[in-house]
Amino acid sequence: MNIAHVALWTRSLEAQVQFWETVFNGRSNERYVSKNRPGFESHFITLDDGPTLELMTLPDLPDAPSHPEFIGWAHIAINVGSKAKVDSMAERAQANGTLLSAPRMTGDGFYEAVIADPDGNRIELVDLNAIGFSSAETFLQHRFEDLPSCVILDMQMPAISGFEVADALKDSGREIPIIFLTGHGTIPMSVRAIKGGAYEFLTKPVESAALIDAIESALQLAENNAVRNKEHYALKQRHLSLTPREHEVLELAITGKLNKQIAAELGVSEITVKVHRRRVMEKMQVRSVAELVRAVERLTKSQPAE
């Protein structure tokens, strides 16, 4: 399953066609004029790779929301193939006044610039940030930035196999989605790769579209993992901020015991328990015992098995 085409309303149909043909080397079909819908006209723009773009117009189209961020499609991102291409296209956009954001490295691993089409719609010019390594040993010694990333591994390498590199990454605690490439794939090899935590297993020669899809999906997984890890770290720090007495109150509270029961078990007054319980809730940033239980469960599940 894939996206067949993306559609865009415009008041300036010919200007949009010229923009996509000039900036992205798009190929336009002949203008379609509807016989059943008065005033409806459209062009399909075909790019070298990816879904087709349908440009559509109608008389008296309403204005789009004035705020740049609103419910609905936010932007189109186009992979232009290299950082140099992002830079050159951004320079041309700056010269004609359509550059919205200069080239930069984003937090999710893209080199990106943002331009505007004739109607002011945002278009991201992107390139994946790729680093090549001469050997598996060099890769394993590299200190990576704290950004969502994935690794593309060839199964057959001179000194260390792809499986050995994957095992080394796992042993080091680095959670990086792995895409395996091989020219001689077998079912047992693919099964071993998947069991070993591989995100994808592709047989060479690989079509560029399939490889890019795998990379983008792996980067999305890496970003989700990073968000999850960040949230877990914050939760762990909140838990560590509790005093020994607050830990005791927490452990008894999540079993469903009332303040009176906790007070009797700890040998303190009920008022003291109420104070500690309130501090536990504040420090753990929860509003109910049920939320507190779920927070403790998340901490428990993340701990390695004995």
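On a predicted model such as this, the values are computed, not experimentally measured, just so you know. (Residues numbered from 1 in each chain as written. Predicted model: local features only at pLDDT ≥ 70, side-chain atom pairs only at ≥ 80, totals over all residues. Heavy atoms only, no water.)

Draft legend 1. How the structure looks around the overall build of the protein chain. Along the protein chain, the regular secondary structure elements total ten helices and twelve strands. For 306 residues, the compact-globule estimate of 2.2 N^0.38 gives 19 Å, and the C-alpha radius of gyration of the protein chain, at 27 Å, exceeds that figure by more than 25%. When burial is assessed residue by residue, the protein chain has 32% of its 306 residues classed as buried. Taking all contacts inside the protein chain whose residues are at least 6 apart in sequence as the whole, residues at least 24 apart take part in 51%. (Helix = DSSP H or I, 4+ residues; strand = E, 2+ residues; numbered from the N terminus. Rg over C-alpha atoms; globule rule 2.2 N^0.38 Å. Buried < 20%, exposed > 50% of the residue type's maximum accessible area, 1.4 Å probe, protein only. Contact = heavy atoms within 4.5 Å.)

Draft legend 2. Representation of the packing of helix α7 (residues 244-253) against helix α9 (residues 270-284) within the structure. Where α7 meets α9, the closest approach of the two axes is 9 Å, and the angle between their N-to-C directions is 90°. In terms of orientation, α7 and α9 fall into the roughly perpendicular class. Where α7 abuts α9, its residues R245, E246, V249, L250 and A253 lie against H276, R277, R279, V280, K283 and M284. Looking at the contact of α7 with α9 residue by residue, the class counts come to five nonpolar, one polar and five charged. (Axes fitted to C-alpha atoms, helices over the stretch in contact; angles between N-to-C directions. Parallel < 35°, antiparallel > 145°, perpendicular 65-115°, else oblique. Nonpolar A, V, L, I, M, F, W, Y, C, P; charged D, E, K, R; others polar.)

Draft legend 3. Quick peek at the packing of α7 against helix α8 (residues 259-266). Relative to each other, α7 and α8 sit at 130°, their axes nearing to 10 Å. Regarding the angle of α7 to α8, the classification is oblique. Here α7 and α8 pass one another in a crossing that is right-handed. The segment α7 lies against α8, with R245, E248, V249, L252 and A253 engaging I262, E265 and L266. Its residues placed into classes, the contact of α7 with α8 shows five nonpolar, no polar and three charged. (Left-handed = near helix turned anticlockwise from the far one by under 90°.)

Draft legend 4. Focus on the sheet that holds strand β12 (residues 200-203). As summarised here, the arrangement of the three strands in space is β10-β11-β12, forming an open sheet in which the pairing is parallel. Edge positions in the open sheet fall to β10 (151-154) and β12, since each of these has one partner strand only. Adjacent strand axes in the sheet meet at a mean angle of 25° when their direction is disregarded. Here β10 runs beside strand β11 (residues 178-182); their pairing, made up of four bridges, is parallel. Looking across to β11, one finds that D154 is bridged to L181. (Pairing = 2+ DSSP bridges.)

Draft legend 5. Expanded view of the sheet that holds strand β7 (residues 99-105). The mixed open sheet is built from four strands, whose spatial order is β6-β9-β8-β7. This sheet does not close on itself; its edge strands, each paired only once, are β6 (76-79) and β7. With direction set aside, neighbouring strand axes in the sheet form an average angle of 20°. The pairing of β6 with strand β9 (residues 122-128) spans four bridges and is classified as parallel. Note that in β9 the partner of I76 across the bridge is I123.

Draft legend 6. Region of the structure containing the pattern of salt bridges. In total, this model carries nine salt bridges according to the counting rule given. Among the ionic pairs, R245 bridges to E248, the shortest N-O distance being 2.8 Å. Highlighted residues: R245 and E248, both in helix α7, separated by three residues, approximately one helical turn. By relative accessible area, which is 30% here, R245 ends up partly exposed. Linked through salt bridges whose partners overlap, the residues forming this network are E14, R31 and E41. (Salt bridge = Lys/Arg side-chain N within 4 Å of Asp/Glu carboxyl O.)

Draft legend 7. Quick peek at unusual backbone geometry. At the junction of K204 and P205, the peptide bond is cis and its omega measures out at 0° in the coordinates. Residue N25 is not a glycine yet carries a positive backbone phi of 55°. By the secondary structure assignment, N25 is in the loop between α1 (13-24) and β2 (27-28). One non-glycine residue, D60, adopts positive backbone phi at about 55°. Checked against the element boundaries, D60 lands in the loop between β5 (52-57) and β6. A relative accessible area of 78% means that D60 is categorised as exposed.

Draft legend 8. Quick peek at the packing of aromatic side chains. Taken as a whole, this structure holds seven aromatic pairs when the rule is applied. With 6.0 Å between their ring centres and 85° between their planes, W9 and F40 make a pair best called edge-to-face. Remark: F40 occurs in the loop between β3 (32-33) and β4 (41-46) and W9 occurs in strand β1 (residues 5-9); sequence separation between them is 31 residues. The interplanar angle of 75° and the centroid separation of 6.1 Å between the aromatic rings of F19 and F24 together place this pair among those described as edge-to-face. The residue whose ring lies beneath K83 is Y111, and the NZ or CZ to ring-centre distance is 5.4 Å. (Phe/Tyr/Trp six-rings, centres within 6.5 Å; stacked < 30°, edge-to-face > 60°. Lys NZ or Arg CZ within 6 Å of the ring centre and 35° of its normal.)

Draft legend 9. Quick peek at the nonpolar core. Core analysis: the largest hydrophobic core is formed by 21 residues, its most contacted members being W20, F24, L55 and I123. Taken together, the elements giving at least two residues each to this core come down to α1, β5, α2 (83-95), β8 (110-116) and β9. Here this core gets five residues from one element, more than from any other, and that element is α1. Setting aside residues no more than four positions away along its own chain, W20 makes contact with N25, G26, I45, L47, L53, L55, I78 and I123. Counting residues in hydrophobic clusters, the runner-up holds 17 residues, among them V151, L153, F163 and F180. (Core = buried A, V, L, I, M, F, W, Y, C linked by side-chain atoms within 4.5 Å.)

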